[in-house]
Amino acid sequence: MALFAHGFRPFFLMAGLVAPLGVGLWVMTLTGLPLPEGPLPMIRWHAHELLAGFVGAAMIGFLLTAIPNWTGRRGYSGVPLVALVVLFLAARLVMLPGSPVPIGIAVVIDLAALPATLLLVLPALVKAGSARLFGPPVLVLIFWAGQVMMAAEAAGWWTSPGWAAGQMLMADTALLLVVLIGGRIVPSFTLNALRKTERAAEAQPLPGVDRAAILAVALVAVVDLIDPGGMVAGALAAVAAALVALRLSRWHGLRTLRWPILWVLHLAYALIPLALAVKAAFLLAASPWGAAWLHLQMAGAVSLMILAVMTRATLGHTGHALVAAPSVVLAYGLVLTAALLRGFMGLAEADALVVVGAAALCWMTAFVLFLRVYAPILWMPRADGKPG
């Protein structure tokens, strides 16, 4: 089956399915619709599924696609890929509202997919013999450590560090991955596109800024784990916001407006300093309108970058032209709208439930549009007849 011919295919598809499900069921409970109890309370299930489910699926799909490119090995397919998909789907099913599986068993099943993925790709990384290739897998391992913290408190194994610390570690590690990977692909794709125009452009890095931006976001994650919500965390967020914004300003983003599949990468990256700046305002000045900064970070920067990379990578690896369909461009805008509505709902005079409902509707519609266009592409063989 073409669905199991390459690692990105099933996992990008599952990311597109989990995203609206994780928001939709949560909003249903906010409106008073009773749902059967599962291993986790609904508010925790909502956070867990958008992290371990949606972001986790995107991470697995990315690793299974990028590592063959980095190491020169064949793409992951067949029985190993099917086994990973079964593990991931089992995790989603046992954690669903109404699942009869006890929490202690459910979290063990839930924790299996990411380490299984890392074990699958480890031989290729070792054979390649390049230490720098281990960076993203190590960050995925740290992301999984946050999932372990959440699972441990939920199952009663230990309480500190618990759910809140694990959730923040997962969120910050996902952001750091976006800073790291986005910092490679966004300027690279941009310069490649601009070199084909009449006014070619070259990279304009500032000495030390790239590394300083990555280091600052890494320190944000460390401080959020050690002393979350304090003045140091706010100050670091402000510094990181300035450095990431300065880094982004050198990438010729305004010249990409003719290519939606390219400018969305710049837009997603721009949400990183925005989220960090709002976080800094909330922590340093106790600005109540910034209380939902984490939604700008996750529903905005991380999620829009995931959507941007999934849409581009899928086209590139299935023999299609790198052109975003109009409905996909609309999906980009809807994810941005959802993130802004939810992130700045403190400024709205409307009822909070109305704002949350509007944001949820935008979010779910965006991923329905993604599935409408990309599910057939992910399911069917390559357009050019090549394997993979």
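An account of the accompanying structure is given in this report. If you're wondering where the values come from, they're calculated on a predicted model, not measured in any experiment.

Rules of the game
Residues numbered from 1 in each chain as written. Predicted model: local features only at pLDDT ≥ 70, side-chain atom pairs only at ≥ 80, totals over all residues. Heavy atoms only, no water. Helix = DSSP H or I, 4+ residues; strand = E, 2+ residues; numbered from the N terminus. Rg over C-alpha atoms; globule rule 2.2 N^0.38 Å. Buried < 20%, exposed > 50% of the residue type's maximum accessible area, 1.4 Å probe, protein only. Contact = heavy atoms within 4.5 Å. Lys, Arg positive; Asp, Glu negative; His and termini not counted. Charge placed at Lys NZ, Arg CZ, Asp CG, Glu CD. Expected span 1.5 Å × (residues − 1). Phe/Tyr/Trp six-rings, centres within 6.5 Å; stacked < 30°, edge-to-face > 60°. Lys NZ or Arg CZ within 6 Å of the ring centre and 35° of its normal. Axes fitted to C-alpha atoms, helices over the stretch in contact; angles between N-to-C directions. Parallel < 35°, antiparallel > 145°, perpendicular 65-115°, else oblique. Left-handed = near helix turned anticlockwise from the far one by under 90°. Nonpolar A, V, L, I, M, F, W, Y, C, P; charged D, E, K, R; others polar. Salt bridge = Lys/Arg side-chain N within 4 Å of Asp/Glu carboxyl O.

## Describing the overall build of the protein chain
Per the secondary structure count, the protein chain includes 13 helices and 0 strands. Its helices and strands in sequence order give the protein chain the pattern α-α-α-α-α-α-α-α-α-α-α-α-α, from N to C terminus. Expected size for 388 residues packed as a compact globule is a radius of gyration near 21 Å; at 20 Å, the protein chain falls within 12% of this value. Summarising its shape, the C-alpha atoms of the protein chain cover approximately 55 × 50 × 40 Å along the three principal directions. Out of the 388 residues in the protein chain, the part that is buried amounts to 53%. Long-range contacts, defined here as pairs at least 24 residues apart, represent 78% of the contacts in the protein chain between residues at least 6 apart. Of the charged side chains in the protein chain, 22 are positive and 13 negative, and the gap between their average positions amounts to 16 Å.

## A word on helix 8 (residues 209-226)
For helix 8, built from 18 residues, the straight-helix expectation of 26 Å at 1.5 Å per residue is met to within 8% by its first-to-last C-alpha distance of 25 Å. For helix 8, the full list of buried residues reads Val209, Ala213, Ala216, Val217, Val220, Ala221, Val223 and Asp224. In this structure, the buried side of helix 8 is in contact with helix 7 (163-194), helix 9 (231-248) and helix 10 (260-285).

## Digging into unusual backbone geometry
Cis rather than trans, the peptide bond between Ser160 and Pro161 has omega equal to -5°. A positive phi is found at His252, a non-glycine position, where the angle reads about 60°. Tracing the backbone through its elements, the reader meets His252 in the loop between helix 9 and helix 10.

## What about the packing of aromatic side chains?
Tallying each qualifying case throughout the model produces 10 aromatic pairs. An aromatic cluster is present here, built from Phe54, Trp363 and Phe367 joined pairwise through their rings. Between Arg73 and the ring centre of Tyr76, over which it is positioned, the NZ or CZ distance is 4.1 Å. The aromatic ring of Phe88 is capped on one face by Arg92, whose charged end is 4.6 Å from the ring centroid.

## Overview of the environment of Leu118
In this fold, Leu118 is placed in helix 5 (residues 113-128). For the pair Leu118 and Arg44, spaced 74 residues apart in sequence, the C-alpha separation works out to 26 Å. Every residue in contact with Leu118, bar those within four places of it in the chain, is listed here: Leu63, Pro137, Val140 and Leu141.

## With respect to the packing of helix 1 (residues 8-30) against helix 3 (residues 78-95)
Where helix 1 meets helix 3, the axes come as close as 11 Å, and the angle between the chain directions of the two elements is 15°. Between helix 1 and helix 3, the angle is such that the two are roughly parallel. Crossing hand, helix 1 versus helix 3: right-handed. Every residue of helix 3 that contacts helix 1 at Pro10, Phe11, Met14 and Val18 is listed here: Leu81, Leu84, Val85, Phe88, Leu89 and Arg92. For the contact of helix 1 with helix 3, the residue count by class is 9 nonpolar, no polar and 1 charged.

## Remarks on the pattern of salt bridges
Enumeration according to the criterion identifies 7 salt bridges in this entry. Note that Arg92 is salt-bridged to Asp110, the shortest N-O span being 2.9 Å. With Arg92 in helix 3 and Asp110 in helix 4 (residues 103-110), this pair connects stretches of sequence that are 18 residues apart. Its relative accessible area of 5% is what places Asp110 among the buried residues. A salt bridge links Glu202 to Arg195; the shortest N-O distance between them is 3.3 Å. Judged by relative accessible area, Glu202 falls into the partly exposed class, the value being 49%. Through salt bridges with shared partners, a single network forms among Glu49, Arg92 and Asp110.

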